[in-house]
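# Secondary and tertiary structure notes
Read off the chains here:
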Amino acid sequence: MKHLSLILIVFVMACSAKPEKAEELKSGPITLVIHGGAGTIRKANMTPEKEAAYHAALQQALDSGYAVLKRGGKSTDAVIAAIKILEDSPLFNAGKGAVFTNEEKNELDAAIMDGSNLMAGSVAGVTTIKNPITAAYAVMTKSEHVMMVGKGAEQFAQLNGIEIVDPSYFFDSARYKALLKAKQSEKDKAAMLYDPYTKDSKFGTVGAVALDQYGNLAAGTSTGGMTNKRFGRVGDAPIIGAGTYANNQTCAISATGWGEYFIRLNVAHDVAALKGYAGLTVQQAADSVVMKKLPALGGDGGIIALDRQGNFALTFCTEGMYRGYVNEKEGAKTFIYKD
Ligand code: ASP
């Protein structure tokens, strides 16, 4: 009898216990943060016209994604709307304007993640999908898988009504010239080993993180990868936890930079983990990974991160990062250089 009442007391206590940290899960105002790649972006190499074109494209992406949030849409839809604009712009290394592989092709990678349920979808090495972010979303919502590559991903996209284009759609003469230059410098160095990275290259991957009115976070990233890449190389963007990650409990992250380092460091998940386990703010977590761990290993690039309260970070260890944000308090802002 004594035992029974003890069990009863413990049971009643357990049932009436409040869920832990319920306070922390209150959500903030709708917010959208985007990037269009980090790298060696110098004012000296820009014309006022080019600068204006970048600001205009970033603004258009913010407008498109924020319109979704404003009308009560979901964060995943806002991420897709913003990224589609950047994929369609030849200014960025994603969709139209993607960089060339050594074999003079455009092989695209993209991922999306829903922070409310940890569902994720990604595609890699696709050559005929006009907007790879939409194919990533189809993988997440219409299949049981997380990642699809190459021909299979293209077949799946087509079956699901995603727009397919001829690979020539992605041709961009400036990107093609960049490939020829990279190949020439490879020859000049008489390099025996594959070296995909030239220090003066800028990246140009695109990404978005969003918080909707339901308090749900989402992240997405889309890229052509790195100029002169070979052998079916896949970067960090489509790898969940490396270049893309979202969890309502911590934050949403999209990355750009030297992908191999982002994969090794699990950058996106590391930022989320530092926020979740170490209790850092998004800014502190982003600084700790992007400004310390990443350069210490020899990599570079940047990230955008957003938490459920609407706090965000736009952090990069390169000279610049095309970026912007929009929320109710501050309106829309776009930036290119450090300050
Ligand atoms: N992170 C991308 C990759 O390595 C490149 C970029 O950010 O532009 O594929």
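First, a word on what this report is: a plain description of the structure on this page. (Residues numbered from 1 in each chain as written. Predicted model: local features only at pLDDT ≥ 70, side-chain atom pairs only at ≥ 80, totals over all residues. Heavy atoms only, no water.)

### Some points on helix H6 (residues 173-188)
For the α-helix, the turn length of 3.6 residues means that residues three or four positions removed from each other point alike. When the terminal C-alpha atoms of H6 are compared, their 22 Å separation across 16 residues agrees well with the 22 Å that a helix rising 1.5 Å per residue should span. Listed in full, the buried residues belonging to H6 are Arg175, Leu179, Ala182 and Glu186. Taken down its axis, H6 places every buried residue within 65° of arc, on the same side. Turned more than 90 degrees away from the buried face of H6, the exposed residues are Ala174, Lys177, Lys181, Lys187 and Asp188. Its side-chain oxygen placed 3.3 Å from the backbone nitrogen of Ala174, Asp172 serves as the N-cap of H6. (Helix = DSSP H or I, 4+ residues; strand = E, 2+ residues; numbered from the N terminus. Expected span 1.5 Å × (residues − 1). Buried < 20%, exposed > 50% of the residue type's maximum accessible area, 1.4 Å probe, protein only. Arc of directions from axis to C-beta. Polar contact = N/O pair within 3.5 Å; in protein donor to acceptor, adjacent residues only side chain to side chain.)

### Some words on empty space enclosed by the protein
The full count for this structure, using the stated rule, is 2 cavities of 30 Å³ or more. Of the voids in this model, the largest cavity is the one considered here, and its volume is about 90 Å³. Lining the largest cavity are 14 residues, and of these Thr205, Thr223, Gly225, Asp236 and Gly257 sit closest to its centre. Considering each element in turn, the lining of the largest cavity owes the most residues, 3 residues, to strand E8 (residues 251-257). Residues that form the lining of the largest cavity fall into these classes: 4 nonpolar, 7 polar and 3 charged. (1 Å grid on protein atoms, 1.4 Å probe; cavity = no way out; pocket = protein on both sides within 12 Å on 5 of 7 lines; lining within 4 Å. Points joined across faces, edges and corners; volume = space filled by probe spheres on them. Nonpolar A, V, L, I, M, F, W, Y, C, P; charged D, E, K, R; others polar.)

### Overview of the site of the ligand
Taken together, the residues surrounding the ligand are Asn93, Phe203, Gly204, Thr205, Gly225, Met226, Arg233, Gly235, Asp236, Thr256, Gly257 and Gly259. At 2.7 Å from a nitrogen atom of the ligand is found a main-chain nitrogen or oxygen belonging to Gly257. One nitrogen or oxygen atom from the main chain of Gly259 is found 3.0 Å from an oxygen atom belonging to the ligand. For the ligand, whose accessible area on its own is 270 Å², the fraction buried by protein is 100%. Its residues assigned to classes, the shell around the ligand comprises 2 nonpolar, 8 polar and 2 charged. (Near = heavy atom within 4 Å. Areas by Shrake-Rupley, 256 points an atom, 1.4 Å probe, with all protein chains shown as cover.)

### Let's talk about the environment of Glu154
Within the secondary structure, Glu154 sits in helix H5 (residues 150-159). Taking relative accessible area as the criterion, Glu154 reaches 8% and is therefore assigned buried. Sequence separation between Glu154 and Ala135 is 19 residues, and the spatial gap between their C-alpha atoms is 8.3 Å. Looking at Glu154, its side chain comes within polar contact range of the main-chain nitrogen of Thr127, at 2.5 Å.

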